[in-house]
Amino acid sequence: MQYVSTRGSAPALDFEGVTLAGLASDGGLYVPAQWPRFSADEIRALRGLAYPDLAARIMAPFVAGSLTEDELLALTHKVYGDFGHAAVTPLVQLDQQHWLLELFHGPTLAFKDVALQLLGRLFETFLERRGERLTIVGATSGDTGSAAIQAVAGLDRVEIFMLHPKGRVSDVQRRQMTTVLSPNVHNLAIEGSFDDAQAHVKRMFTDGDVTATLNLGAVNSINWARLMAQVVYYFASALQLGAPDRTVAYSVPTGNFGDVFAGYVAAKMGLPIERLIVATNINDILHRALSSGDYSAGGVTATITPSMDIQVSSNFERLLFDAGGRDGGAMAEQMRAFEATKAMQLTNAQAEGASALFTSARADQTETARALQWAYRAAGQVIDPHTGVGLHAARALADNGTVPASVPLVTLATAHPAKFPDAVERAVGMRPALPARVGDLFGRAESFVEIAGDYAATRDYVLGHAGNA
Ligand SMILES: *Cc1c(COP(=O)(O)O)cnc(C)c1O
């Protein structure tokens, strides 16, 4: 499989190339040159497969030329054999129409583990082949950092420097990063905000002193391999609910448009998806873009769903490119204008292409809390606030008939409630406990360094400690 950039001028690469590159050299994002398609009979034949076997079948066309079927199967069994639930991503029924797809049975209790656990192994495989090493530098406001650290801890050819804003991530989130005492893991608590930490990371990627000595890599959701791994659970859940002989709808709590774009990919591959609901919190740029064509960034407001407090959704570019007719030159022009003005209007083709499958909805904090209360009272399920945003949107669009009552509606449960215990306790009056497999998190030793807020101090620490693992 070859991959092309959404901005048209970077060279096409194979799967190994896009996994190690992350962002394309023209600033675009890589997408497959064409979507692999499964017929209804081929999808029917996937029924009953165990998750690691299903994952290998779904991902095989995307990795063709870079991994053999046996190599891929060995990876999926290693990665998904370690999850906290035998089904990996189990479905839970809430009522006649509504279901939850639990994506939080990985080591850090959020859906990002499903993809990052695989990405860590892919890095190791490809670096081994090339005889190279990779230094990952990232900034996190919580979930991505811990999932990335857990994914690469102990690997030989990868090391990771993860910056978090000192004192501004939750205790659970910090401990999930700082209690990983592996020599290839470096936690940096930076004075300042998440945006300051993020700015240091971006600057390092263009700092000649850094790029001359280190082979830098990124783990954010612009990496195609992450999206690919997320396509699998759309197939797994739809198959259980009767696909391909029945359509299924999804509601996806969305920030960077990664998880929900994976649903779009599943539909392109032939999975009969009735509708994809893009659920946002009050930081609703995607809701405005999909309902009125206006993609304009405002300020970010902090909410009880911090992993969705995002102003610009990187992966939206992939949808605009594909739905708008795959014109890389026009896309580069459109994104240049957006970067200058922080606003753009979707073209007619983009708006029509998107509305064929996507509907959007937003939830404020009161509506989110009410969704948590409904799940608890009606179905005995304690859910996290991000999942609550998705469930609010699902119920609203089922109630107004956008999703017919005969279609099963699956809300993606993106985090375990114990990751956000304060907001859950305020909504439903009980404090969720951490699952036993991470239960000693508060008894473990932590390791991190505190760094002053300036760029030079951060860069000097990374340069001084890289390669010593
Ligand atoms: C990252 C995250 C999201 C948003 O996912 P995107 O792929 O960025 O849209 C939603 N919920 C939780 C708990 C997350 O960690």
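That block above? That's the structure.
How each quantity is defined
Residues numbered from 1 in each chain as written. Predicted model: local features only at pLDDT ≥ 70, side-chain atom pairs only at ≥ 80, totals over all residues. Heavy atoms only, no water. Near = heavy atom within 4 Å. Polar contact = N/O pair within 3.5 Å; in protein donor to acceptor, adjacent residues only side chain to side chain. Areas by Shrake-Rupley, 256 points an atom, 1.4 Å probe, with all protein chains shown as cover. Nonpolar A, V, L, I, M, F, W, Y, C, P; charged D, E, K, R; others polar. Helix = DSSP H or I, 4+ residues; strand = E, 2+ residues; numbered from the N terminus. Expected span 1.5 Å × (residues − 1). Bend = angle between axes of the 7 residues up to and from the residue. Buried < 20%, exposed > 50% of the residue type's maximum accessible area, 1.4 Å probe, protein only. Pairing = 2+ DSSP bridges. Right-handed = clockwise from strand over helix to strand, strands pointing away. Salt bridge = Lys/Arg side-chain N within 4 Å of Asp/Glu carboxyl O. Axes fitted to C-alpha atoms, helices over the stretch in contact; angles between N-to-C directions. Contact = heavy atoms within 4.5 Å. 1 Å grid on protein atoms, 1.4 Å probe; cavity = no way out; pocket = protein on both sides within 12 Å on 5 of 7 lines; lining within 4 Å. Points joined across faces, edges and corners; volume = space filled by probe spheres on them.

Chemist: Residues and numbers for the site of the ligand, please.
Modeler: Lining the immediate environment of the ligand, one finds 15 residues, of which Lys 112, Asp 143, Gly 255, Asn 256 and Thr 414 sit closest. For the ligand, an oxygen atom lies 2.8 Å from a polar atom in the backbone of Gly 255. Between the ligand and the protein, one listed contact pairs a nitrogen atom with a side-chain N or O atom of Thr 414 at 2.9 Å. In the complex, the protein chains occlude 96% of the 390 Å² of accessible area that the ligand would expose alone. Classifying every residue of the shell around the ligand by side-chain character gives five nonpolar, seven polar and three charged.

Chemist: Summarise helix α3 (residues 51-63); cite the residues concerned and give the values.
Modeler: Between the first and last C-alpha of α3 there are 18 Å, a value that for 13 residues agrees with the 18 Å anticipated at 1.5 Å per step. At Arg 57, α3 is bent by approximately 30°, the largest bend along its length, and proline Pro 61 sits one to four residues beyond. Positive phi shows up at Gly 65, right after α3, with a value of about 95°.

Chemist: Quick rundown of the pairing of strand β10 (residues 248-253)? Include the residues and the values.
Modeler: For a regular strand, side chains alternate in direction, first toward one face of the sheet and then toward the other. Taking burial as the measure, the six residues of β10 include six buried ones, the bulk of the element. Burial along β10 is two-sided: Val 248, Tyr 250 and Val 252 and Ala 249, Ser 251 and Pro 253, pointing in opposite directions, are all buried. By the bridge criterion, six bridges tie β10 to strand β11 (residues 273-280) in an arrangement that is parallel. Across the sheet, the residue bridging to Val 248 is Ile 273, located in β11. On the question of chirality, the crossover connecting β10 to the parallel β11 by way of helix α11 (residues 258-268) is right-handed. Strand direction decides the pairing type here: β10 and strand β15 (residues 409-413), joined by three bridges, are parallel. When the sheet's bridge partners are listed, Ala 249 is paired in β15 with Leu 409.

Chemist: Go over the pattern of salt bridges with me, naming the residues and quoting the values.
Modeler: Evaluation of the coordinates by the stated rule reveals 25 salt bridges. In this structure, the salt-bridge partner of Arg 7 is Glu 317, at a minimum N-O distance of 2.8 Å. Placement of Arg 7 in the loop between β1 (2-5) and β2 (13-14) and of Glu 317 in helix α13 (residues 316-323) is noted, with a sequence separation of 310 residues between them. Its relative accessible area of 6% is what places Glu 317 among the buried residues. Ionic pairing is found between Asp 422 and Arg 431, a salt bridge with its closest N-O pair at 2.9 Å. By relative accessible area, Arg 431 is classed as partly exposed at 45%.

Chemist: I'd love a proper account of the sheet that holds strand β3 (residues 30-32), names of residues and values included.
Modeler: With respect to topology, three strands assemble into an open sheet ordered β2-β1-β3, the strand pairing being antiparallel. The sheet is open, and its two borders are formed by β2 and β3, each paired with just one other strand. Pairing of β1 with β3 involves three bridges; the strand directions are antiparallel. Bridge pairing links Ser 5 to Tyr 30 in β3.

Chemist: Account for the sheet that holds β15, with residues named and values stated.
Modeler: Read from one edge to the other, the open sheet built from six strands follows the order β4-β5-β15-β10-β11-β14, with strand pairing classed as mixed. A strand with exactly one partner marks an edge of an open sheet, and here the two such strands are β4 (91-93) and β14 (358-362). Each neighbouring strand pair of the sheet contributes to a mean axis angle of 25°, computed without reference to strand direction. Here β11 pairs with β14 via five bridges, running parallel. Residue pairing for β14: Val 278 is matched across the bridge by Ser 360. The sheet strands contacting helix α12 (residues 285-292) are β11 and β14, and the helix crosses β14 at an angle near 135°.

Chemist: Account for the layout of surface pockets, with residues named and values stated.
Modeler: In this structure, the second largest pocket encloses a volume near 270 Å³. Lining the second largest pocket are 15 residues; nearest its centre among them are Asp 82, Pro 107, Gln 117, Arg 121 and Gln 150. For the lining of the second largest pocket, the elements supplying multiple residues, two or more each, are α4 (69-80), α5 (112-130) and α6 (143-152). Its residues assigned to classes, the lining of the second largest pocket shows six nonpolar, five polar and four charged.

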